[in-house]
Amino acid sequence: MKYTRKYNFAASTSLLIALFSTLATGVFLYFLIETVSLWLLLFFVILFLFSFFVLQHRVEKFIFHRIKKIYKDVRILNEKDFPKPSVTTDMEVLTREVENYVNVKKLEIETLNVRENYRKEFMGNVSHELKTPLFTVQSYILTLLDGAMKDKKVLKEYLRRANKGVERLIYIVKELDMIAKLEVGGLVLNRENFDIITLVQNVFDLLEMKAKKKNISLVFDKEYPSQIVVNADRERVEQVLTNLIVNSLKYGKQDGTTEVSIENILKSKVLVRVTDNGEGILKENIPRIFERFYRIDKSGSRKEGGSGLGLSIVKHIVEAHNEKIYIESQFGVGSEFSFTLERGK
């Protein structure tokens, strides 16, 4: 058995017990038979060892049960998690172990609190996003039931508006379903080789009318005379580019610019950048920018629609490709989102 500091208490106490017991026995024998035998030395050794093992065992057991009671009383720690082999009679070591254990548990509790707050905020956001179109649809239907359906013109218009609200609900539910699939790995990626330049141009053409509403220019950083082939899910990468560019248009300034560039960073990787000169993002908001339903603007941008899921979907799609997404932003100057893709062969 290797001697460590945790045996100090038992060893010193056993030494005192054996020493005084041997001394008392020696004095008694001297006055009784006027002689002291060498067997007294053996008595000292045996008594020391016996006292040492009994004390070590009893003190460890005592401390262990006392600490378990403390854990149970404070209701911070789970007594079942406390490892019995770590109990020691070295109070310095014991105190350090308990403090470390408490710190770990406190960290776990703080993490759970953060998750609980996130869950509450997420549920509140889901409720907000769903109730607006639901109430809209309900109001039009109730108006029709109250007699407005007799007017065919009003009937057609209200049904059209109600249908628009239903489409909004379907859109939100589909995006939530996509995020759920991405999180559990249930979305199958159909990888293929394609030209990323052509794909970006297609997205520009698709969003041209939306960009014209703010007179925002959709441009490349330079001319690309040849193809840049990547290997990825074409449909999902198009969704990533669409969401990023729509986001830049939503927060972009009037007469601004959204620029896309593609760079070769490694032999096997390319970096796609989407840069704008819009509102930019405050530093404290950047860590949460990819959360579901999180909005950096609580008022102005909400009128422009969107589910609040776009950037979250972007992050999940990029990570499903085993790639990385990055963000750089300066409030009042603009933002840049960039992500990597595997080069095609």
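Residues numbered from 1 in each chain as written. Predicted model: local features only at pLDDT ≥ 70, side-chain atom pairs only at ≥ 80, totals over all residues. Heavy atoms only, no water.

1. Things to note about the environment of Asp276
Item 1. Secondary-structure assignment places Asp276 in strand β5 (residues 269–276).
Item 2. For Asp276, a relative accessible area of 12% gives the class buried.
Item 3. Taking the C-alpha atoms as reference points, Asp276 and Leu249, 27 residues apart in sequence, are found 8.4 Å from one another.
Item 4. Filtering out sequence-adjacent residues up to four positions away, Asp276 remains in contact with Ser248, Thr257, Thr258, Val333, Gly334 and Ser335. (Helix = DSSP H or I, 4+ residues; strand = E, 2+ residues; numbered from the N terminus. Buried < 20%, exposed > 50% of the residue type's maximum accessible area, 1.4 Å probe, protein only. Contact = heavy atoms within 4.5 Å.)

2. Considerations on the packing of helix α4 (residues 152–183) against helix α8 (residues 310–320)
Item 1. Contact geometry for α4 and α8: axes closest at 10 Å, N-to-C directions at 30 degrees. Here α4 lies roughly parallel to α8, going by the angle between them. Like other packed secondary-structure pairs, α4 and α8 cross with a definite hand, here left-handed. Contacts from Glu175, Met178, Ile179, Leu182 and Glu183 of α4 reach α8 at Gly310, Ser312, Ile313, His316, Ile317 and Ala320.
Item 2. Residues of the contact of α4 with α8, tallied by class, amount to six nonpolar, three polar and two charged. (Axes fitted to C-alpha atoms, helices over the stretch in contact; angles between N-to-C directions. Parallel < 35°, antiparallel > 145°, perpendicular 65-115°, else oblique. Left-handed = near helix turned anticlockwise from the far one by under 90°. Nonpolar A, V, L, I, M, F, W, Y, C, P; charged D, E, K, R; others polar.)

3. Re the packing of aromatic side chains
Item 1. This model, assessed by the stated rule, comprises six aromatic pairs.
Item 2. With 5.0 Å between their ring centres and 55 degrees between their planes, Tyr140 and Tyr158 make a pair best called tilted. You can see Tyr140 sitting in helix α3 (residues 91–145) and its partner Tyr158 sitting in helix α4, a full 18 residues away along the chain.
Item 3. Assessed through its relative accessible area of 18%, Tyr140 is described here as buried. (Phe/Tyr/Trp six-rings, centres within 6.5 Å; stacked < 30°, edge-to-face > 60°.)

4. Quick look at the confidence of the model for the chain
Item 1. Averaged over every residue, the pLDDT of the chain is 79; residues scoring 70 or more account for 78%.
Item 2. Across residues 299–303 the pLDDT falls below 50, and counting only partners more than four positions away or on other chains, this stretch makes five contacts in the model. (pLDDT = per-residue confidence, 0-100.)

5. A short note on helix α5 (residues 196–206)
Item 1. What α5 keeps buried is the set Ile196, Ile197, Leu199, Val200, Val203 and Phe204. Along the long axis of α5, the arc covered by the buried residues comes to 165 degrees, so they all point the same way.
Item 2. Backbone nitrogen of Ile197 and a side-chain oxygen of the N-cap are separated by 3.2 Å at the start of α5; the cap is Asp195. (Arc of directions from axis to C-beta. Polar contact = N/O pair within 3.5 Å; in protein donor to acceptor, adjacent residues only side chain to side chain.)

6. A few points about the packing of helix α7 (residues 234–250) against α8
Item 1. Remark: α7 packs on α8, axes separated minimally by 9 Å, with the N-to-C direction vectors making an angle of 145 degrees. By crossing handedness, the relation of α7 to α8 is classed as left-handed. Residues Arg236, Gln239, Val240, Asn243, Leu244 and Asn247 of α7 touch α8, and the partners they reach there are Gly310, Leu311, Ile313, Val314, Ile317 and Val318.
Item 2. Tallied by class, the residues present in the contact of α7 with α8 amount to seven nonpolar, four polar and one charged.

7. As for a nonpolar patch on the surface
Item 1. A cluster of nonpolar side chains, Leu16, Phe20, Leu23, Val27, Tyr30 and Phe31, forms an exposed patch at the surface whose accessible area comes to about 700 Å².
Item 2. With respect to the secondary-structure elements, Tyr30 resides in helix α1 (residues 8–33). (Patch = residues over 30% accessible without salt bridge, like charges linked within 9 Å, V, L, I, M, F, W, Y side chains within 5 Å. Areas by Shrake-Rupley, 256 points an atom, 1.4 Å probe, with all protein chains shown as cover. Salt bridge = Lys/Arg side-chain N within 4 Å of Asp/Glu carboxyl O.)

8. Considering the pairing of strand β4 (residues 257–266)
Item 1. Sheet topology places strand β2 (residues 217–220) next to β4; four bridges connect them, and they run parallel. Opposite Phe220, over in β4, you have Val260 as the bridge partner.
Item 2. Where β4 meets β5, eight bridges bridge the pair, whose relative direction is antiparallel. Within the sheet, the bridge partner assigned to Ser261 lies in β5 and is Arg273.
Item 3. Linking β4 to β5, which pair antiparallel, is a turn of two residues. (Pairing = 2+ DSSP bridges.)

9. Observations concerning the side chain of Asp195
Item 1. As for its position among the elements, Asp195 is in strand β1 (residues 191–195).
Item 2. Here Asp195 sits buried without a salt bridge, and the closest side chain of opposite charge, Arg234, lies 7.7 Å off (N-O distance).
Item 3. Only 3.2 Å separates the side chain of Asp195 from the backbone nitrogen of Ile197, close enough to count as a polar contact.
Item 4. Those residues in contact with Asp195, other than ones at most four positions away along the chain, are Gln227, Ile228 and Val229. (Lys, Arg positive; Asp, Glu negative; His and termini not counted.)

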